[in-house]
Each structure stands twice: as C-alpha cells, then as structure tokens.
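For reference, the chains in residue letters:
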Amino acid sequence: MAEYCARTPSVVTHVHISTAFTTYPPICAALAVETIQDGAVVPVDLCANQVLGLTAVTHLALRSPLPRPTAWDLPVFHIASPDSVISGRHWNAPHVKISKTYLPLQRFRQVYGIMLSKVVHFDTGKTRHVLGMETLTGSPSFDERIVNMEGFALNVKEGYGALGGIDKYLCTQPGSTPPVDWPYRELDWGEVNIISTTDTHGWLLGHQRQEASFSGDWGDLYSFVTRMKAEATRRGVDLLVVDSGDRVDGNGFVDGEPDGHVKGWTAMQYFSEMPYDVITTGNHELYKYPVALSTYQNLAKHYGTRYVASNVNITVETAVGGEETIPTGSRFTKFTTAMGRNVTALGPLFYFKAHATGIDVQPPHEMIKERWFKEAIAEEPSFFLLVGHMSVQKEADSEWRTIFNAIRSVHPTVPILIFGGHHHVFPPLSDALQFSMGSPSRTTQIRDCLQEDARSMSLASGRYMETVGFMSVKGLDGPKDEPLSFSRRYLDQNRNTYIYHAGADFDTPKGLAMSQSMGRVAHGFNLTTSFGTAPQAYYLSRHAFTSEHSILHLMTSKVLPLLVDRPDRPSPAYTILNSGSIRFDVFKGPFTRNDQWIILPFTNSFLYVPSVPLSLVSQLLPYLNLVGEHGVLPSSLLSPSGQTTSIEHIYRRSLLSSYTSSLSSPSSNSNLSVGYVTQDRCPGLGDDTLHRPIPAVWQPTFVATDLPSDDDTVDVVFFDFIQPDILSALNHLQHERTWSEKDVGLYVTGLSANTIMQEYATRAWN
C-alpha cells in the first residue's frame, strides 16, 4: 500500500491506499483507505464524506456537463499509460478512464478544460519526490507534466494513476502533517501593509511530523507573498516584506550543511529568493566569523541597500592584503513604495557581546548619538520602518524605546512601525519563584505586540517559521495629530492559511520548484535518514518532567544513564541537565537526522567534576533550580547554547501562561485543535486561526538522573556551557574548598549534545 500526505480537515495523520478503483453509489471514484486516529487504525471510505469532507465525482456520460470545481469538489480520474494493458487491449495513445469509459486524452483536455486549467505543471520525477511515492510507471508518451493535479496516485503496478482536484490539498514536503484548521476572518488591509518573518533558524522546510499548523515550507511562503503582492497592487495599496534576523542554528537544513560551505550557505540560497524590502541581522549570524562573513558576502550583497544592519561592523581583508572594518549592511535605507510613500528604515541589533572576533556591535544607545543617525532621521518620511533583532518588550537588552524616543524628539507624529524578534528575558527572582510554585505571572510572548503611542505599533512574529506576521495601517493621509488605525495578525504558517487569504490557486511555479528542490536538498543532507523508531511521543511542556510522556524524563531515566557512563571510574555518575538545552518534542515514528539537529543542535561536550561528596551533591539540584540558569547573566553575554536555552525557557513560560489562563475561561472550545493563543498588549485578537492553548505544565530549569545512594562520592556530569553554574553552586553550598576549572575534565569522548539522541535511537529504538 502506498502512503501519501493529504490536505485533510480532520485528525487524519496517515492515509494508506489499499484499493485503486471501485465504483460506489452514487457513481463516484471510491478509495478504500485506512486512517490512523489516536493510534488506532480506522477504515474510512472517502466517498462516504465522513472524514475528509470531500466529494469525488465522476461522470458516466461523456456529454454530461462538467460542474465548475469548488474547494470541496474533487473529480477523480485515471490516466492510462500507453504501455499498459487494460481490459486486454493495447493502447496506441493515452486515454483517460472516467468511471467505466475511456476517453482519449486530447478529448479529455477539451471536456475537462476547466479542471486542467488548474493543473500545476511539473515533471513526473519531481512529483514522485514530493509525494514520497511512485505516481506512474514506465515512460508514458503523453505530457507527463499533467500528472497529479491533486491526487491519489494509485495502482502503480498497473501503469496508471488516479488524478483529481487541485494541488492545494497536497503536503509540500514528504512526511508533513496536513493542516486541519482555517483562519476565521479576512485580513484587514490598510494603506500600508507589511508581512514579517523573524527567527526562522533554518526551518525553511516547515514543521514536519505532527505539527499541522506550521506545515508550510519556504516555497509555500514565497508563493503566498507573491500573490499578496499582486493583491496589494490590485487594491492600490502598499505591501512590504521584512525579516528581523536569526536565520541559522536550530534545524538540520542549516546546521547539517555538508563540508565545503559554511553553516546555512545552501539554505540562504532559498532564503534570498524572498522579495524582502528590509532585512537585517540577528545575533546567531555573528557567533562564528565564517558565517558572518558569508552572510556579508552573499546575503547582504544580494539585497544591497535593503540589507540594513545599523550598528554591526565586520573586519575583512582588503585587496592589498590589509584589513578594514566596515558595516555589514546599510546603516539605514530610504526608499519610495509602489504607492509613492517615502520610507526611512533602520535595522538595529541589541547590544550583543558574545560575537566572534572580527565583529563589532555598537550599543543602540550609542548608535543614536552618531552623526549618520541624526542625518538619517532629520528628513520627515511618510513613516519610519524599524526592523531589528530586539524584543519588542521592555527588556534589559532591548533598546527599542531608546531609538523610538530619539525619533520622536525630532518627529512627534510621524508613524513608526517596529518589527522585532529575539525574545530574551530573565524574569525577576520573584517571577522565577512564582513559576517554581506553579503560579505564572505575565511573560513575554513569542508572538507579541505593543504600541508606544497612538501612531506606532511594534510586532514580533514568532519563531521557527511557525508564524507569519501581518500589520496594516490606516489613516496615513489623515490629520497628523489623530490616532492611526492599526491591525495586526499572527498567521499560522501552513497552506490552509495561504489558501484562505490568497486563493486556492496561490501556488506559483517558482514556489513549487523551490519546495521540490529543498526536498531534494534535505535528502542530500541525509536529514531524512532514520536512526530508529520512537515507540511513542515525548513532549517538552505538555507533561510533568516525571511523566513517562516527558522528554526530560526520557533523558534522565534512559538516555543519560545508558550513554553517559564510565565503568572505569570509582564513583558513579550523577548527570545534571539544563532543561532548556532540549529544544523540541520527539514524535512517535522515525527518528531522523533532522530530528537530532532540532532537539539538540549544539556540539556541547559532557564534562565532570570527579568524586564530589554525596552530601554536597544532594543539595545541587534544589539550589540550581532556585537560582536559575546563569543566575542574572544578561543574554548579550550568552553563548549560542545559552541564548537558545533562554529562548526555550521563555517559550515554555508563555505556553504555561496561556494554558493556565484558559483553564479558568468558560469560553474554551474543545472542538478546536491545540495551537498558539496569544495574549499581547494590542487591542483585539491577533491570532489568525483560533486554537485551544497548547497544554503546558511547569518544568524545572534543571533536571538530573537518579542520585546514587550507595556511594560516598559522586561524579557530577554536565554540559560544558553550564560549567559556571555547577562550579558556582558547589562553592556556594560549602566553604571547605574552592572548585575551579582545573577540577573539571572531559567525561566521555565521541559523544556530544548533538549526537546523543542519535546514538540512543540507534541502540534502543531498533
């Protein structure tokens, strides 16, 4: 049985095609399938209209009128290959089977012209790759490009495939879960409209494996943006596209780059196809000099003046062998929109200090004192467009308000549109204690919005290509002393969203080609290689860390005890894990190389402090969870691992806050799927699709394996980037001796953070 990925509005996760073609009253092409619902195999008849909600229609009479296809009408056809033998007859030309009658392909094109006008044209070989299965056998002489105008590729061995409908129901990447929800209202277009992305971190393939709401890919987004640009032109309004940085670290599509190119080089070839009007840098592009240099030489040069990095410099070699320090992009840019509005754009980065040698970041509060900045903002534009990598909330390392106030001192009423990202916040100790007791206070949202005044709006559009942000502004041509009308929307990143807002035929040839090409790249990077099959799902936030459904419990009870062990050591291991280092859920089914990169992307080593008294070790975990990770160290000083960890803690607090609030709300709709429920500071609802909040319970900052009880001393094992936390705790809890870096050693060789789950899956899940 072939497995395919269908765009279905239900809980169907897999569909196995078991029969090729039958008739089913009232005369329709019926497919006997099985769906997997909550782990149970349930037989479903597509024609029964019970699960998919679709009607598959065929016509007995060739002269019967063809109804105009709608979103839920899926005519299903078979195209016969010329080398096939059907009913004992050899065909010299391709024919189409409609019910029990065959129609020559040429006549089929005439009769079904409306449907064929919707066909997505691509060749059979690429189609096989996209669907993850064979669609036709042999080399049929008819036009292969009309293969799969949606379909159910069936009966491959007999040489023909069932076709029907429009490509909108197909999952773009193999293994993706089809979205089940739809937006519930149209976008509120304004005179100026902006689509925004941020913190994509390499997730250009979208979210595969059971994350239906975010299952679109970069090709889908490209097509959506293209159609939205055309719609803006039709409406006579402006539509701009912006990105706030952080494009590497966090997904195998960037981190799994083979030798020969720097991390993310291939992914940036696709990223650069997006028609951004303003794009800036994040901090993750600056940790490694080769990545920063490649970004400067490729992405920044590609976008030209549209790549704006207002306060970041890079030192490069000159043609004569010397060095010079230059901006990594434009300090600012000025341009005129399609509708004639003048824009001044800036691209600031928070004061990031943990950058590579050869990179320099100027604090934003110093940047606004520069002569170039004052000259840039002196002239009054139609609006200021600030696209930078800083949280829109008022955090210690976010200086949006500083920049905002500098502009307001010159232009009290000019609209200011801000697009941020990053989201690093360390809550006060009182907040940390509240969370440790299970009582969440207000936290920064991954999706976020606020307004500094009535003529400005600040928006942050999520992370990991889960969200596409949309902002619109009305009233720009009105009195300058009156409030503007703003609208913001957080779009779930999937094809249902794009269909709803851009039309059923939103796909573009280039977008489809990008999707297919990225699929081939993923295969070439071995991202689809499976190391084993997870017997169940393990979640980060949905269950208590002591639950068998928790990935933290999996790590501390099985993974670490099995792999982080030294039989040659006289003392047993006690491994402490900072929970924020685990980035994602593990889903039931194949555990792939990409899953490994997503869950633990960094190369941190396992270090240890040998032979620590058990009486002292028993106090470590409670103390570490009391003070938190890295104490009050600002995010600007954190390593890539530390930055990512702090994001993960923020994300979990946000989920916990939303879920806890929903428990006391009588309006919660149990029929909705789980997803983001955003509580930002702007009026109205920002979420484009309604969801129930993702279930979440409190998680400790640190977890550990079982504490040995039969030994007087224990080896304390940990990831290298929490070494300061471990040493500080050991020294704070006693004063008889001082532990230092000299007391720390490498515990195991050949095993690191980004290989441990691969190794475990290989051993335990095969």
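Source: prediction; values computed, not measured.

S.K.: Hey, could you run me through the overall build of the chain in this one?
M.R.: Along its length, the chain carries 20 helices and 35 strands. The burial tally for the chain puts 60% of its 766 residues in the buried class. Within the chain, residue pairs in contact and separated by at least 24 positions form 74% of the contacts whose partners lie at least 6 positions apart.

S.K.: Any chance you could explain the side chain of histidine 422 here in plain terms?
M.R.: As for its placement among the helices and strands, histidine 422 is situated in the loop between strand S22 (416-420) and helix H11 (429-436). Residue classification places histidine 422 among the buried residues on the basis of a relative accessible area of 2%. A polar atom in the side chain of histidine 422 sits 3.4 Å from the side chain of histidine 389.

S.K.: Can you walk me through the sheet that holds strand S17 (residues 323-327) in this structure?
M.R.: Strand pairing within a sheet occurs via backbone hydrogen bonds; the two strands may be parallel or antiparallel. If you walk across this open sheet you meet the three strands as S17-S16-S20, and the pairing is antiparallel. In this open sheet, the two edge strands, each paired with only one partner strand, are S17 and strand S20 (359-361). Neighbour-to-neighbour, the strand axes of this sheet turn through a mean angle of 25°, independent of strand direction. Judged from the five bridges that link them, strand S16 (residues 312-317) and S17 form a sheet pairing that is antiparallel. Residue pairing for S17: valine 316 is matched across the bridge by glutamate 324.

S.K.: Teacher, can you tell me more about the pattern of salt bridges here?
M.R.: Oppositely charged side chains may form a pair once their charged atoms are brought near each other. All chains considered together, the criterion is met by 28 salt bridges. In this structure, the salt-bridge partner of arginine 401 is glutamate 452, at a minimum N-O distance of 2.8 Å. Within this pair, whereas arginine 401 is found in helix H10 (residues 400-408), its partner glutamate 452 is found in the loop between strand S23 (447-450) and strand S24 (456-461), the two being separated by 51 residues in sequence. The partner of glutamate 466 in a salt bridge is arginine 463, and the shortest N-O contact between them spans 3.9 Å. The class of arginine 463 is buried, set by a relative accessible area of 4%.

S.K.: What's the story with the environment of glutamine 269 in this structure? I'm lost.
M.R.: In this structure, glutamine 269 sits in helix H6 (residues 265-271). Each C-alpha atom, one on glutamine 269 and one on leucine 299, is 8.4 Å from the other, the two residues being 30 residues apart in sequence. Within the local environment of glutamine 269, its side chain forms a polar contact with the backbone oxygen of tryptophan 265, the two atoms lying 2.8 Å apart.

S.K.: How do you make sense of the packing of aromatic side chains when you look at a structure like this?
M.R.: By convention here, two paired aromatic rings are described through the distance between centres and the angle between planes. All told, the structure shown has 21 aromatic pairs when counted by the stated rule. A ring pair is formed by tryptophan 218 and phenylalanine 271, whose centres lie 4.8 Å apart and whose planes are at 20°; its orientation type is stacked. One end of the pair, tryptophan 218, is in helix H4 (residues 218-235); the other, phenylalanine 271, is in helix H6, with 53 residues separating them in the sequence. Neither residue differs from the other here; tryptophan 218 and phenylalanine 271 are each classed as buried. Here the aromatic rings of phenylalanine 545 and tryptophan 698 are separated by 6.4 Å at their centres, their planes lie at 85°, and the arrangement is edge-to-face. Within this pair, whereas phenylalanine 545 is found in the loop between strand S27 (530-534) and helix H14 (551-563), its partner tryptophan 698 is found in the loop between strand S32 (692-693) and strand S33 (702-704), the two being separated by 153 residues in sequence. Grouping aromatic residues by their ring pairs yields a cluster made of Trp218, Phe271, Tyr276 and Tyr303. Geometry around tyrosine 747 places arginine 566 over its ring, the cationic atom sitting 5.3 Å from the centre.

S.K.: Any chance you could explain the pairing of strand S14 (residues 238-243) here in plain terms?
M.R.: Consecutive residues of a regular strand have side chains that alternate between opposite faces of the sheet. Burial analysis of S14 places six of its six residues in the buried class, the great majority of the element. In S14, alternate side chains face the same way, and those of Asp238, Leu240 and Val242 on one face and Leu239, Val241 and Asp243 on the other are all buried. Bridge analysis of strand S13 (residues 192-197) against S14 gives six bridges, and the strand direction is parallel. Across the sheet, valine 192 pairs through a bridge with aspartate 238, a residue of S14. Crossover connection from S13 via H4 to parallel S14: handedness right-handed. As paired elements, S14 and strand S15 (residues 278-279) share two bridges and run parallel to each other.

S.K.: Please explain the sheet that holds strand S30 (residues 606-613) as it appears in this structure.
M.R.: The strand order across the open sheet built from five strands is S33-S28-S34-S30-S35, with neighbouring strands paired in mixed fashion. Two strands bound the open sheet, and with one partner strand each, they are S33 and strand S35 (745-746). Relative to S33, strand S28 (residues 573-578) runs antiparallel, the two sharing three bridges. Counterpart to asparagine 578 in the pairing with S33 is phenylalanine 702.

S.K.: Where do I start with the packing of H14 against helix H20 (residues 753-764) in this structure?
M.R.: In a packed pair of helices, the relevant descriptors are the angle between the two axes and the axis-to-axis distance. The geometry of H14 relative to H20 is characterised by a closest axis approach of 10 Å and an angle of 85° between their N-to-C directions. The angle between the axes of H14 and H20 places the two elements in the roughly perpendicular class. Taken together, the residues of H20 that come into contact with H14 (itself represented by Leu554, Met555, Lys558, Val559, Leu560, Leu562 and Leu563) are Ile756, Met757, Glu759, Tyr760 and Arg763. A per-class count over the contact of H14 with H20 returns nine nonpolar, no polar and three charged.

S.K.: How should I be thinking about the side chain of threonine 689 in this particular structure?
M.R.: Among the structural elements, threonine 689 can be located in the loop between strand S31 (674-675) and S32. Contacts of threonine 689, omitting those with residues within four sequence positions, involve Asp181, Trp182, Pro183, Tyr184, Asp492 and Thr497.

S.K.: So what exactly am I meant to see when it comes to the confidence of the model for the chain here?
M.R.: Close inspection of predicted coordinates is inappropriate for parts of the model with low pLDDT. With 69% of its residues at a pLDDT of 70 or more, the chain shows a mean pLDDT of 76. Considering only residues more than four positions removed or in separate chains, one finds that residues 1-171, a stretch of pLDDT under 50, has 346 contacts. Below pLDDT 50 for its whole length, residues 632-639 participates in 27 contacts with residues either more than four positions away or in separate chains.

Here is what the cut-offs are and how they apply
Residues numbered from 1 in each chain as written. Predicted model: local features only at pLDDT ≥ 70, side-chain atom pairs only at ≥ 80, totals over all residues. Heavy atoms only, no water. Helix = DSSP H or I, 4+ residues; strand = E, 2+ residues; numbered from the N terminus. Buried < 20%, exposed > 50% of the residue type's maximum accessible area, 1.4 Å probe, protein only. Contact = heavy atoms within 4.5 Å. Polar contact = N/O pair within 3.5 Å; in protein donor to acceptor, adjacent residues only side chain to side chain. Pairing = 2+ DSSP bridges. Axes fitted to C-alpha atoms, helices over the stretch in contact; angles between N-to-C directions. Salt bridge = Lys/Arg side-chain N within 4 Å of Asp/Glu carboxyl O. Phe/Tyr/Trp six-rings, centres within 6.5 Å; stacked < 30°, edge-to-face > 60°. Lys NZ or Arg CZ within 6 Å of the ring centre and 35° of its normal. Right-handed = clockwise from strand over helix to strand, strands pointing away. Parallel < 35°, antiparallel > 145°, perpendicular 65-115°, else oblique. Nonpolar A, V, L, I, M, F, W, Y, C, P; charged D, E, K, R; others polar. pLDDT = per-residue confidence, 0-100.

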